[in-house]
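Spelled out, the chains give:
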Amino acid sequence: FRMVMVVALVATLCEAGCEYEAIFNFGDSNSDTGGFWSVFPEAPPPNGMTYFKHPVGRACDGRLIVDFIAERIGIPFVSPYLMSIGSDYRHGANFATLASTVRLPQTSLFVSGLSPFALPIQVNQLKHFKAQVENLYSQGSTNLPAPDIFGKSLYTFYIGQNDFTSDLAKNGINRVKEILPQDLYALGGRAFFVLNLAPIGCYPSFLVELPHGDKDIDEFGCLISYNNAVDEYNDMLRDALNQTRQQLSDAKVIYVDSHRALLELFRHPTSHGLKYGTIACCGNGGGRYNFNPQVFCGNTKFINGQNLTASACDDPENYVSWDGVHTTEAANKIIVDAIFSGDFTDPPFEIQCS
């Protein structure tokens, strides 16, 4: 598990001129940089405590994987498409929203808890974005990219976890396979970076909420059956992307094995400078997982005659799990370092800078 440290500052990368000038991201809360919280109430503190020092719409104490990828390319953090104030889209847009799925949800957010901005909606938003760029750029808009940006961008995907936990994994895979060649390629996309599904059997939230027996727990404290199911999902995703790659011979279709990098962190946190694997930094209840499904990170609820608060630990840099569902900034950085080491992408992928 080789870790490659960032060898240049973002400013240096910008001066070098990397091959990708923008990121267009599609996903759920694992890569949402503020889209969901631009539409619904602000994410409460302590989210954002490590890097930004205040909540910035990320379900994390700091930067996400997509943020670290942006730093590697040498561009600013990508603005959420749904954020109407303060956005700068010269280096792409982030269409991800918390609780998004690959398939369209069949009920409302207030019934199912799933975002209305599923992957097909996010792709339609990109189509609208491109049309607006073509119309407004020539009029002198200062916060939009040039119309040729779409062929110079990295299209990143980190989505499917909510489909999987809703038992829709197989259909989700098919939808990813359909969308990549039919829609984004037609819009000019030539580089697709698809992260696979995380080992949810190691997440504190699922260890608390999913039914299981002692025999279903492996030596690292993770759920065997659920992680095996994730492996099957990821195998299907890899196969689907292989087929897509054959169809689009002039495009880069990259399968990103972020699952393997994260699984290594959960299993051997101390080997990578961390201390705690399957215990949440921000949660309530302590114990093996520090996760209470009734009180989520940053919230206080009156339950059984007492106020319960899900507060953050003092050292999130020592944890893999931020809130039982999402990873910490520290874990995200290690994952991105692993991805760009070259051993975690199929085919091998690197950022070229001149």
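Per an unreviewed UniProt entry, the chain goes by the name GDSL esterase/lipase and belongs to Ambrosia artemisiifolia. According to its UniProt record, the chain has this under Sequence similarities (unreviewed entry): "Belongs to the 'GDSL' lipolytic enzyme family."

A.B. asks: Help me get a handle on the state of the cysteines, residues and values and all.
C.D. replies: A complete count under the given rule lists 3 disulfides for this structure. No disulfide involves cysteine 60; its sulfur sits 9.9 Å from the nearest other cysteine sulfur, which is in cysteine 281.

A.B. asks: Hey, could you go over the pattern of salt bridges for me, with residue numbers and the actual values?
C.D. replies: Two side chains that carry opposite charge are able to pair once their charged atoms sit near each other. Considering all chains together, one arrives at 14 salt bridges under this definition. With its nearest N and O atoms 2.8 Å apart, the salt bridge here joins aspartate 67 to arginine 58. Each member of the pair, aspartate 67 as well as arginine 58, is classed as buried. Taking the shortest distance from any N to any O, the salt bridge between glutamate 71 and arginine 63 comes out at 3.0 Å. Here glutamate 71 falls in the buried class, since its relative accessible area comes to 18%. Members of the salt-bridge network, linked through shared partners, are Glu21, Asp148 and Lys152.

A.B. asks: Before we move on, could you go through the packing of helix α10 (residues 258-267) against helix α11 (residues 329-343) and cite the residues and values that matter?
C.D. replies: With their axes 9 Å apart at the nearest point, α10 and α11 run at an angle of 130 degrees to one another. The angle between α10 and α11 places the two elements in the oblique class. As for how α10 packs across α11, the hand of that crossing is right-handed. The residues of α11 that touch α10, namely those facing Ser258, Arg260, Ala261, Leu262 and Leu265, are Ala331, Ile334, Ile335, Ala338, Ile339 and Asp343. Looking at the contact of α10 with α11 residue by residue, the class counts come to 8 nonpolar, 1 polar and 2 charged.

A.B. asks: Hey, could you go over the packing of helix α3 (residues 65-73) against α11 for me, with residue numbers and the actual values?
C.D. replies: In a packed pair of helices, the relevant descriptors are the angle between the two axes and the axis-to-axis distance. At a minimum axis distance of 9 Å, the contact between α3 and α11 shows a crossing angle of 50 degrees. As judged from the angle between their axes, α3 and α11 are oblique. Classified by chirality, the crossing of α11 by α3 is right-handed. Where α3 abuts α11, its residues Ile65, Phe68, Ile69 and Arg72 lie against Glu329, Asn332, Lys333, Ile335, Val336, Asp337 and Phe340. When grouped by side-chain class, the residues that make up the contact of α3 with α11 number 6 nonpolar, 1 polar and 4 charged.

Analysis parameters
Residues numbered from 1 in each chain as written. Predicted model: local features only at pLDDT ≥ 70, side-chain atom pairs only at ≥ 80, totals over all residues. Heavy atoms only, no water. UniProt positions renumbered as here; feature names shortened; annotations may be inferred. Disulfide = S-S within 2.5 Å. Salt bridge = Lys/Arg side-chain N within 4 Å of Asp/Glu carboxyl O. Buried < 20%, exposed > 50% of the residue type's maximum accessible area, 1.4 Å probe, protein only. Axes fitted to C-alpha atoms, helices over the stretch in contact; angles between N-to-C directions. Helix = DSSP H or I, 4+ residues; strand = E, 2+ residues; numbered from the N terminus. Parallel < 35°, antiparallel > 145°, perpendicular 65-115°, else oblique. Left-handed = near helix turned anticlockwise from the far one by under 90°. Contact = heavy atoms within 4.5 Å. Nonpolar A, V, L, I, M, F, W, Y, C, P; charged D, E, K, R; others polar.

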